[in-house]
Structures are given as structure tokens and as C-alpha cells.
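Fold and geometry: a report
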Amino acid sequence: MIIDCDPGVDDAVGLLLAFASPELDLKAVTTVGGNVPVEKTTRNARIIRHVAGRDDVPVHAGAARPLKREPAGAGEFHGAEGLGDLEAVEPDAPAAEGSAVEAIVRIVMEAEPTSVALAVMGPMTNLALALRAEPRLAERLGPVVVMGGARSEGGNITPSAEFNIWADPDAAAEVFASGCEMVVFGLDATHQVRGTEDRIAALEAVGNASAAIAASMLRFSQRIEREIVGWPTPDWGAPLHDPCTVAWLLKPGLFRLKPCRIEVEADSDLTRGHTAVEFRVDPASARHLWAVEADGQGVFDLITERLRGAAR
Ligand code: RIB
Ligand code: CA
């Protein structure tokens with residue numbers, strides 16, 4: 001598989017989960033500007049790769065800005081450097097030669113058709129550019145597993161849009177219209193996966209670097225949730241978004257999906273990035289699946305158990 005991301009505290013947890021799961025055969029990590037600029041998301045992916053003891057996985061830098069829109073950031077939710085409170089020290093192992101688009105096209109087109117899954121944890125700019133460069137990707141890619149969008153939960157960056165889709169709605173519109181097979185984890189699902197105190201404590205008890213860094217990311221999100229979003233009940237927790245993509249690839253039974261057709265608003269300023277999720281489709285021919293239920297405890301148990309076996 002390939003992971004395309006904008007680390008980002010939750011991207012970092014998703015990377016740690018994938019790095020600790022060798023059966024995923026992670027061919028590359030590609031980065032995009034999103035939560036923080038692409039120079040920082042690329043450095044951050046290299047930091048997390050080093051923490052996990054997985055400098056064997058190439059990191060390819062991708063798009064610095066959306067297809068048409070001005071770059072947006074979400075530093076208030078991820079810290080100025082993008083990894084919460086973690087000191088962002090430049091890692092030794094460099095990024096790989098070649099752009100994110102080059103790596104995605106090369107890896108997928110050299111592999112058996114539909115054998116390479118792509119997890120997209122940030123704005124969809126790299127995949128949109130890769131599809132423009134090589135349209136055959138749409139039928140050669142395995143499942144495109146996306147964290148993005150919102151239906152019943154409403155938006156988190158505007159009342160009607162989730163950040164990843166809002167940040168580059170034009171890219172998202174092109175990808176959803178491309179014919180790719182897509183499995184989409186919007187806020188409807190990720191808001192059922194919350195970092196409660198007991199779940200973070202279980203990670204902190206593991207005792208290795210991967211689990212400690214994951215817990216540190218979750219602690220930062222916990223604090224932001226209290227300070228910015230709100231803490232309605234004592235046993236609340238911050239939603240854990242991006243790792244749902246990797247968790248589904250590892251243990252699909254943790255989620256309930258519904259066939260649908262997803263379209264993206266890219267014209268209106270008011271509803272920019274809205275994901276219109278239509279369930280009235282023929283299940284046999286639908287190319288999109290929308291996650292309607294998630295087993296939050298099961299996702300955290302999976303993360304904790306996998307990180308227990310991490311290389312570092
Ligand atoms: O809305 C949540 C998404 O936006 C996550 O991918 C998070 O990392 C941010 O990029
Ligand atoms: Ca992200």
C-alpha cells in the first residue's frame with residue numbers, strides 16, 4: 001500500500017499503526033501540504049518513520065498547494081510544527097528522489113492491477129494530479145481509502161465541510177468522479193473513535209517509542225479538544241480521524257460501510273468541500289463506500305496491540 005498524508009498528529013498515529021503492521025507491505029509514504037506546509041509534513045513523516053524504526057520506507061514529497069485554492073493550514077489543531085508538543089528535530093534519513101505523483105504512478109502501474117491500496121489522510125491534491133498524469137490509475141489502483149468528508153455529523157472546518165475535502169475541493173471532486181474504488185471514513189465514522197483517558201492510558205502503558213509518541217499525539221489532541229472544541233462530558237475524548245483508514249485495511253470488521261455515490265461541492269463558497277453522500281444507488285455497481293459505524297474501542301485496541309509489537 002501507499003500512504004498519502006499531511007502529518008498532522010492523527011496522520012502520525014496512522015503512520016505508526018501502518019509501520020507496526022508488516023502485512024500491509026508499505027511501499028511508500030507521500031506527503032502533501034495541509035495541516036502544515038509540505039516542507040513540515042515531509043519532515044514530520046520522516047520523523048515518525050525514524051521513531052518507528054522504518055527508515056526503509058521511502059518518503060516522497062508532494063504538492064505544496066491545492067489545485068486552485070490558497071493553501072490552508074490547521075496548525076491550531078496540530079501545533080505550529082505539526083506534531084503537537086513533539087520537538088521537530090530534522091531526521092537523518094532524507095526524503096526520496098521523485099515526487100509523490102511520480103511515486104504513486106510508478107508503484108501502482110508496476111504492480112499487479114488493483115494490488116496496491118492507497119490511504120489518503122490529507123487533501124487529495126497528489127491523487128488528483130496522479131490521475132491527471134496517468135488516467136489508467138483509476139482502474140489499476142486498489143481501494144482508495146480516504147479520511148474525509150461529513151454527512152450526518154456536519155463539518156469541522158465550516159458548518160458543511162470537513163477539512164481534507166474543504167482544503168482542496170477541486171482535487172476531491174476530480175478524484176470522486178474518477179471511477180476509483182473508494183472507501184471513505186468521514187466524520188460520521190471518526191467521531192465514533194475517540195481518544196478517551198482510558199484508551200490513551202493503555203497506550204502509555206505499552207512502554208516503547210511508537211506507543212509513547214502516539215500517546216503524546218493523542219494527549220495534544222485531548223488538550224485542543226478541551227480548549228477549542230469543547231468537552232461536553234467527563235468521559236469525552238478527541239476524535240481520531242486518519243488511523244481509521246489503516247485500521248479498516250487491517251480489520252475491516254471494525255466498521256460498517258454503505259454503498260453510495262459521493263460528489264463534492266467545488267463552486268459555492270458557503271458549502272465549499274461539502275460531500276453529498278447518496279445512498280440510493282445500485283450496490284452492485286457503486287464505486288464508493290461510506291463508513292456509517294465504527295467500533296471505537298476496537299480501533300484503539302488494535303492500535304495498542306500493534307504498537308506493542310512495533311520495531312521501536
Ligand atoms: O478533518 C480531519 C482531517 O483534517 C485529518 O486528516 C486531520 O489530519 C486534518 O488533516
Ligand atoms: Ca491528515
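Look up a bit, the structure's there.
Residues numbered from 1 in each chain as written. Chains lettered and ligands numbered in written order. Predicted model: local features only at pLDDT ≥ 70, side-chain atom pairs only at ≥ 80, totals over all residues. Heavy atoms only, no water.

Summing up its helical and strand segments, the chain has 13 helices and 11 strands in all. Its C-alpha atoms give the chain a radius of gyration of 18 Å, near enough to 20 Å, the size a compact globule of 312 residues would have. Projected onto its principal axes, the C-alpha positions of the chain cover 45 × 45 × 35 Å. The 312 residues of the chain split such that 59% are buried. The contacts in the chain between residues at least 6 apart in sequence include a share of 81% that link residues at least 24 apart. (Helix = DSSP H or I, 4+ residues; strand = E, 2+ residues; numbered from the N terminus. Rg over C-alpha atoms; globule rule 2.2 N^0.38 Å. Buried < 20%, exposed > 50% of the residue type's maximum accessible area, 1.4 Å probe, protein only. Contact = heavy atoms within 4.5 Å.)

Grouped together as the largest cluster of nonpolar side chains are 58 residues, with contacts concentrated most on Ile3, Val29, Phe185 and Phe255. Counting 37 residues, the second largest nonpolar core, distinct from the first, contains Ile107, Ala111, Val116 and Trp290. (Core = buried A, V, L, I, M, F, W, Y, C linked by side-chain atoms within 4.5 Å.)

We now examine the site of ligand 1. Around ligand 1, a shell composed of 13 residues is seen, among which Asp10, Asn35, Asn156, Glu162 and Asp242 lie nearest. Asp11 is positioned such that a nitrogen or oxygen atom in its side chain is 2.9 Å from an oxygen atom of ligand 1. Between ligand 1 and Met121, the relevant distance is 2.9 Å, taken from an oxygen atom to a main-chain nitrogen or oxygen of the residue. About the coverage of ligand 1: the protein hides 96% of its 280 Å² of free accessible area. Breaking the shell around ligand 1 down by element, the ones donating at least two residues are helix H1 (9-19) and helix H7 (163-167). Residue composition of the shell around ligand 1, by class: 3 nonpolar, 5 polar and 5 charged. (Near = heavy atom within 4 Å. Polar contact = N/O pair within 3.5 Å; in protein donor to acceptor, adjacent residues only side chain to side chain. Areas by Shrake-Rupley, 256 points an atom, 1.4 Å probe, with all protein chains shown as cover. Nonpolar A, V, L, I, M, F, W, Y, C, P; charged D, E, K, R; others polar.)

The coordination sphere of the calcium ion (ligand 2), as far as protein atoms go, consists of Asp6 (OD), Asp11 (OD), Asp11 (OD), Met121 (O) and Asp242 (OD), spread over 2.2 to 2.6 Å. One chain supplies every donor for the calcium ion (ligand 2), spaced along it as D-x4-D-x109-M-x120-D. Taken as a pair, Asp11 in helix H1 and Asp242 in the loop between strand E8 (238-239) and helix H12 (243-250) lie far apart in primary sequence, 231 residues in all. Accessibility assignment for this pair places Asp11 and Asp242 in one class, buried. (Donors = N, O, S within 2.8 Å, 3.2 Å for Na, K, Ca; no water.)

A few words on unusual backbone geometry. Following Pro7, the chain continues to Gly8 via a peptide bond in cis, the omega torsion being -25°. Among the structural elements, Gly8 can be located in the loop between strand E1 (2-5) and H1. Phi is positive for Thr114, which is not a glycine, with a value near 65°. For Thr114, the location among the structural elements is in the loop between helix H4 (100-110) and strand E4 (118-120). Residue Thr114 is classed as partly exposed on the basis of its relative accessible area, which comes to 47%.

Considering the arrangement of structural elements, one finds Thr125 in helix H5 (residues 125-133). Its relative accessible area of 1% is what places Thr125 among the buried residues.

This paragraph deals with the packing of aromatic side chains. The final tally for this structure, using the stated rule, is 3 aromatic pairs. Each ring, one from Phe163 and one from Trp166, has its centre 6.4 Å from the other, and the planes form 35°; the classification is tilted. Placement of the pair is Phe163 and Trp166 together in helix H7, with a separation of 3 residues, close to one helical turn. In this structure, Phe163 and Trp166 share a single accessibility class: buried. Arranged with centres 6.4 Å apart and planes meeting at 55°, the rings of Phe185 and Trp248 form a pair that is tilted. In this pair, Phe185 is assigned in strand E6 (residues 182-185) and Trp248 in helix H12, connecting sequence segments 63 residues apart. For the pair formed by Phe185 and Trp248, the shared burial category is buried. (Phe/Tyr/Trp six-rings, centres within 6.5 Å; stacked < 30°, edge-to-face > 60°.)

Turning our eyes to something else, we now look at the pairing of strand E5 (residues 144-147). The side-chain alternation of E5 yields two buried faces, one formed by Val144 and Val146 and the other by Val145 and Met147. Alignment of E4 against E5, held across 3 bridges, turns out to be parallel. Looking at the pairing, Val120 lines up with Val146 of E5. Where E5 lies against E6, 4 bridges are found, and the strand directions are parallel. Bridging from a neighbouring strand, Val144 pairs with Met182 of E6. (Pairing = 2+ DSSP bridges.)

Moving on: the packing of helix H10 (residues 197-204) against helix H13 (residues 296-308). Put simply, H10 and H13 touch, their axes get as near as 9 Å, and they point 10° apart. When the axis of H10 is compared with that of H13, the two are roughly parallel. Facing H10, whose interface residues are Asp198, Arg199, Ala202 and Leu203, H13 presents Gly296, Gln297, Phe300, Ile303, Thr304 and Leu307. Of the residues in the contact of H10 with H13, the class split is 5 nonpolar, 3 polar and 2 charged. (Axes fitted to C-alpha atoms, helices over the stretch in contact; angles between N-to-C directions. Parallel < 35°, antiparallel > 145°, perpendicular 65-115°, else oblique.)

Take Thr31: it is sitting in strand E2 (residues 28-31). Note on Thr31: relative accessible area 0%, which makes it buried. At 2.7 Å, the side chain of Thr31 and the side chain of Thr42 are in polar contact.

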